[in-house]
Amino acid sequence: MLLISCPNCGSRDETEFHYGGQAHVAYPENPNELNDREWAEFLFYRDNTKGAFAERWLHSTGCRQWFNMLRDTVTYEIQAVYPMGAPRPDKAAAAPAPESTTAPEGATK
Amino acid sequence: MADLLPEHPEFLWHNPDPKPSYDAVIVGGGGHGLATAYFLAKNHGMTNIAVLEKGWLAGGNMARNTTIIRSNYLWDESAAIYEHALKLWEVLPEELEYDFLFSQRGVMNLAHTLGDVRESMRRVGANKLNGVDAEWLDPQQVKELCPILNINDNIRYPVMGATYQPRAGIAKHDHVAWAFARKCDELGVDIIQNCEVTGFVKDGNRVTGVKTNRGTINTEKVGLCAAGHSSVLAEMAGFRLPIQSHPLQALVSELHEPVHPTVVMSNHVHVYVSQAHKGELVMGAGVDSYNGYGQRGSFHVIEHQMAAAVELFPIFARAHVLRTWGGIVDTTLDASPIVGTTPVENMFVNCGWGTGGFKGTPAAGLTFAHTIATGTPHELNKPFALERFETGALIDEHGAAAVAH
């Protein structure tokens, strides 16, 4: 059982959470211009990384908030917990994130 | 010390070093890889081929499944390929000259809700139209076939009936792998263990070789049979697969006298149970929710599955969990496999069997061998092409495959 540090509620059992798959997958900016291949990529293709993987989790029986997590898919070690819309921490440290021209993903206010 | 140890029995296959080149290389020495090599040699005369296994033969999902074999899938495409597999299972012990204890003891898929009942009856109808043996059982008939099942109303999800496929059953998974391996070896196939693929050699978009920890091997064709690691290999080759790898756990109890005459599966309460020939109760559940390559999962999944098992089979309350383990299953979003060509020329992929690859082993081998040998898919695996995710011709088998295997 994973012990997950919810950014709002602290450490809780994995059973309180729902898995949301790969993080940082933005909805296509111009959906009308996508061809079938690009739609397939958006709908069905996700990274399946062996190693450090950025993924979304929902604290469904707690604060009911989404957040991102960096977890090793081999050792299952949780390396970082960070808010929706924030850049992936290990990549952000290496190079400054380019300035985004669109609203950050998940930032519906 | 007086008695010398007896001679080691004859080995079933050799352990050759890799040759510099082959006509085809299969990556993955599990059931599907071995079956593919067998049918390449037997049906297509391709014997200058190798099966590369990064660990030991059949030590991945082939050693970790719950050995259930059935073909009662909903859609025509699935029924065709799984029923073909079942027909092959029926003749393979003789063909491979190896009794791997294929026991057609039947499989029941329980229904616990009105929705389950309707879906199950629909599936029985669809199965019959596709020539798959299937029948609907009411709770009393369920009880007659499997007396230890609790069909009373005193549980959270009472049994409201079941589908039943009499020709379904179980087989000894290890022996299936060994049977294929021995025949492959006899036919001249090189089975190379401890040989991990680290990359591919390409000429433009055409694959011409395989890089391994034991040197580079030239080959005209490459077939990927790596289940949970398919995405990793595809990435090395420069293309993507719509696969997510998840841990799937199973467990066995200690040995018991025969108490469970058939195979019982329940999608709704997430458990499936059979009793192995030796006497262990073999149980599995659904996948862990998160992506994982760790060959282990979270304990609460097992706890949930045990709770369901004990409600359905009250006598199991006295049994003990002897051993649990996990495999890495390669799931697709439509719960159907991918068998066919890839964006890389001369490279072929057999993956996405997810939680139900064991039962499909012979058909996967047959159709994948055909695809590799001829460059075009067999009639049975044509619908299971990678392109279906672009065309939208998905084969949604979540009802028959998602939890039940």
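Just so it is clear, the structure is predicted and the values come from calculations on it, not from any experiment.

Novice: Help me out: how do you make sense of the overall build of chain A in this one?
Specialist: Each helix and strand in chain A was counted, giving two helices and six strands. If you list the helices and strands of chain A from N to C, you get β-β-β-α-β-β-β-α. Looking at chain A as a whole, 33% of its 109 residues are labelled buried. Carbon and sulfur atoms form 50% of the exposed surface of chain A, whose accessible area is close to 6500 Å².

Novice: What am I meant to see in unusual backbone geometry here?
Specialist: Peptide bonds are trans in most cases, and residues, glycine excluded, mostly fall at negative phi. Phi angles above zero are rare outside glycine, and Y76(A) is one such case at about 65°. For Y76(A), a relative accessible area of 6% gives the class buried. Unusually for a residue other than glycine, A58(B) sits at a positive phi of about 55°.

Novice: Explain the interface of chain A and chain B here, please?
Specialist: Think of interface size as the accessible area that goes away when the parts come together; that is how it is often given. With 24 residues of chain A at the interface, the matching set in chain B holds 27 residues. Summed over both sides, the interface between chain A and chain B buries roughly 2300 Å², with carbon and sulfur atoms accounting for 51% of that surface. In this structure, the connection of chain A to chain B is made through three salt bridges. For E41(A), the salt bridge is made with R240(B), and the minimal N-O distance between the two is 2.6 Å. Where the side of chain A that touches chain B is concerned, the elements lending two or more residues are α1 (36-44) and β4 (52-58) of chain A. Ranked by residues supplied to the side of chain A that touches chain B, first place goes to α1(A) with six residues. Looking at side-chain class alone, the side of chain A that touches chain B contains 11 nonpolar, five polar and eight charged residues.

Conventions adopted
Residues numbered from 1 in each chain as written. Chains lettered and ligands numbered in written order. Predicted model: local features only at pLDDT ≥ 70, side-chain atom pairs only at ≥ 80, totals over all residues. Heavy atoms only, no water. Helix = DSSP H or I, 4+ residues; strand = E, 2+ residues; numbered from the N terminus. Buried < 20%, exposed > 50% of the residue type's maximum accessible area, 1.4 Å probe, protein only. Areas by Shrake-Rupley, 256 points an atom, 1.4 Å probe, with all protein chains shown as cover. Contact = heavy atoms within 4.5 Å. Buried area = accessible area lost by both parts, 1.4 Å probe. Salt bridge = Lys/Arg side-chain N within 4 Å of Asp/Glu carboxyl O. Nonpolar A, V, L, I, M, F, W, Y, C, P; charged D, E, K, R; others polar.

This is a description of form; function is not addressed.
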